[in-house]
Amino acid sequence: MKPADPRFIACRAPYPDARIVLFGIPFEGSVNLRTGADHGPRDLRIASDSIETYSPALDRDLEDLRMADLGDCELGSGSPRDQLARAREEVRGFWRPGLLPVMLGGDHTATLPVIEVLAPAIPDLRILQLDAHPDLREEFLGERYNYASAMARVMDVVAPERVYQVGMRTGAREEYRRKAPHLYPAHAIHPVEAVRSLVPELSRHPLYVTIDVDVLDPSEAPGTGAPEPCGLRASELVEIVRLLEPCTVVGTDLMEVAHAFDPSGRTGITASWILREAILTWWGK
């Protein structure tokens with residue numbers, strides 16, 4: 001791992017003592033639009049210094065948790081599959097059952113190596129994807145390992161019946177014709193109501209939550225590679241986070257922050273704020 005400088009806020013515990021570990025996978029594969037997601041881990045860490053560790057709404061503080069920032073996976077060169085495999089081996093090297101991972105992406109393909117490590121150890125694992133895109137193309141730009149195919153590759157590891165996709169507002173025809181078993185596009189059901197309806201099911205299983213920052217409206221998160229109009233407000237995403245409090249969340253990630261397209265820095269600040277609320281809601285008691 002490459003040490004983080006700066007570290008995400010409140011990450012002061014040494015790794016052996018940590019209950020929660022943050023780490024980055026600064027991966028960006030084949031992209032046809034706006035690049036820069038590989039800088040997302042650093043963008044999020046820098047932005048986190050702009051928020052407080054304390055959540056008044058929850059009356060909980062990150063300072064009270066045993067959190068470590070392990071730095072970034074070193075991906076090296078080679079094909080996207082080669083780089084993701086190196087990330088997988090680095091995650092396998094530090095993760096142990098009971099340790100709560102928070103991954104900072106990276107394009108959404110970087111979720112795959114984390115799931116490749118967690119899924120064999122947590123056989124009943126469910127995945128909740130909050131995203132503007134289904135990411136279900138079998139390949140894109142001639143490549144199977146890319147951000148438009150991220151969930152298709154996750155479904156190679158975890159049965160599609162255990163993946164729940166919420167918030168989609170766009171995508172290719174082929175992705176919707178694939179008929180993923182738990183796809184809840186925003187035009188059919190509001191994402192907050194979709195998650196509310198899913199909590200009774202999700203709360204019965206270990207849950208990994210993957211958040212693409214483009215689930216938010218571009219007015220709140222312009223710094224991302226593929227912004228899509230008519231997204232969630234930050235307050236609605238936090239409402240979803242809090243709805244998941246009854247669930248046994250075993251890991252999470254926040255993907256696709258790219259400050260090259262947001263000179264204000266508000267995308268990373270908002271994303272860091274969401275992460276704070278998620279960590280404190282799910283693991284802060």
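Before any of the text, the structure's been laid out above.
Analysis parameters
- Residues numbered from 1 in each chain as written.
- Predicted model: local features only at pLDDT ≥ 70, side-chain atom pairs only at ≥ 80, totals over all residues.
- Heavy atoms only, no water.
- Buried < 20%, exposed > 50% of the residue type's maximum accessible area, 1.4 Å probe, protein only.
- Helix = DSSP H or I, 4+ residues; strand = E, 2+ residues; numbered from the N terminus.
- Pairing = 2+ DSSP bridges.
- Right-handed = clockwise from strand over helix to strand, strands pointing away.
- Phe/Tyr/Trp six-rings, centres within 6.5 Å; stacked < 30°, edge-to-face > 60°.
- Contact = heavy atoms within 4.5 Å.
- Axes fitted to C-alpha atoms, helices over the stretch in contact; angles between N-to-C directions.
- Parallel < 35°, antiparallel > 145°, perpendicular 65-115°, else oblique.
- Left-handed = near helix turned anticlockwise from the far one by under 90°.
- Nonpolar A, V, L, I, M, F, W, Y, C, P; charged D, E, K, R; others polar.
- Expected span 1.5 Å × (residues − 1).
- Salt bridge = Lys/Arg side-chain N within 4 Å of Asp/Glu carboxyl O.

Caption draft 1: Broad picture of the pairing of strand 9 (residues 206-212). Across the 7 residues that make up strand 9, a large majority, 6, are buried. Across 5 bridges, strand 6 (residues 126-130) lies against strand 9 in parallel orientation. Opposite L128, over in strand 9, you have V209 as the bridge partner. For strand 9 and strand 10 (residues 248-255), the ladder comprises 7 bridges, and the chain directions are parallel. Bridge pairing in strand 10 links Y208 to G251. Note that the unit made of strand 9, helix 7 (residues 234-243) and strand 10 has a crossover that is right-handed.

Caption draft 2: Focus on the packing of aromatic side chains. Overall, the coordinates contain 3 aromatic pairs when judged by the stated rule. Measuring from ring centre to ring centre gives 5.0 Å for F23 and F94, while their planes differ by 65°; the resulting arrangement is edge-to-face. Pair noted here: F23 is in strand 1 (residues 20-25) and F94 is in helix 2 (residues 80-94), with a separation of 71 residues, a long-range link. Both residues of the pair, F23 and F94, belong to the buried class. Considering the side-chain rings of W282 and W283, the 6.1 Å spacing of their centres and the 70° angle between planes classify their relative orientation as edge-to-face.

Caption draft 3: Geometry of the environment of E74. You can see E74 is positioned in the loop between strand 4 (67-72) and helix 2. Put simply, E74 and K2 are 72 residues apart on the chain and 6.3 Å apart in space, counted from C-alpha to C-alpha. Non-local contacts of E74, meaning those with residues more than four positions away in its chain, are made with M1, K2, R86 and E90.

Caption draft 4: Looking closely at the packing of helix 7 against helix 8 (residues 266-283). Where helix 7 contacts helix 8, the axes come no closer than 9 Å and their chain directions differ by 20°. Here helix 8 runs roughly parallel to helix 7, going by the angle between their axes. Remark: the crossing between helix 7 and helix 8 carries right-handed chirality. Two secondary-structure elements touch here, helix 7 through A234, L237, V238, V241 and R242 and helix 8 through T270, W273, I274, E277, A278, T281 and W282. When the residues that make up the contact of helix 7 with helix 8 are grouped by side-chain class, the tally is 8 nonpolar, 2 polar and 2 charged.

Caption draft 5: Just helix 2, in detail. End to end, helix 2 covers 22 Å across 15 residues, agreeing with the expected 21 Å (1.5 Å per residue, within 8%). Residues of helix 2 that are buried in the fold lie against strand 1, strand 4 and helix 3 (111-121).

Caption draft 6: Structural view of the pattern of salt bridges. Per the stated rule, a full pass over the model turns up 23 salt bridges. The closest approach of N and O atoms between D72 and R45, which form a salt bridge, is 2.9 Å. Taken together, the residues span a long stretch of sequence, with D72 in strand 4 and R45 in helix 1 (residues 40-48) at a distance of 27 residues. R45 shares its class with D72; the two are buried. With a closest N to O distance of 3.7 Å, E245 and K285 form a salt bridge.

Nothing here speaks to function; it is all geometry.
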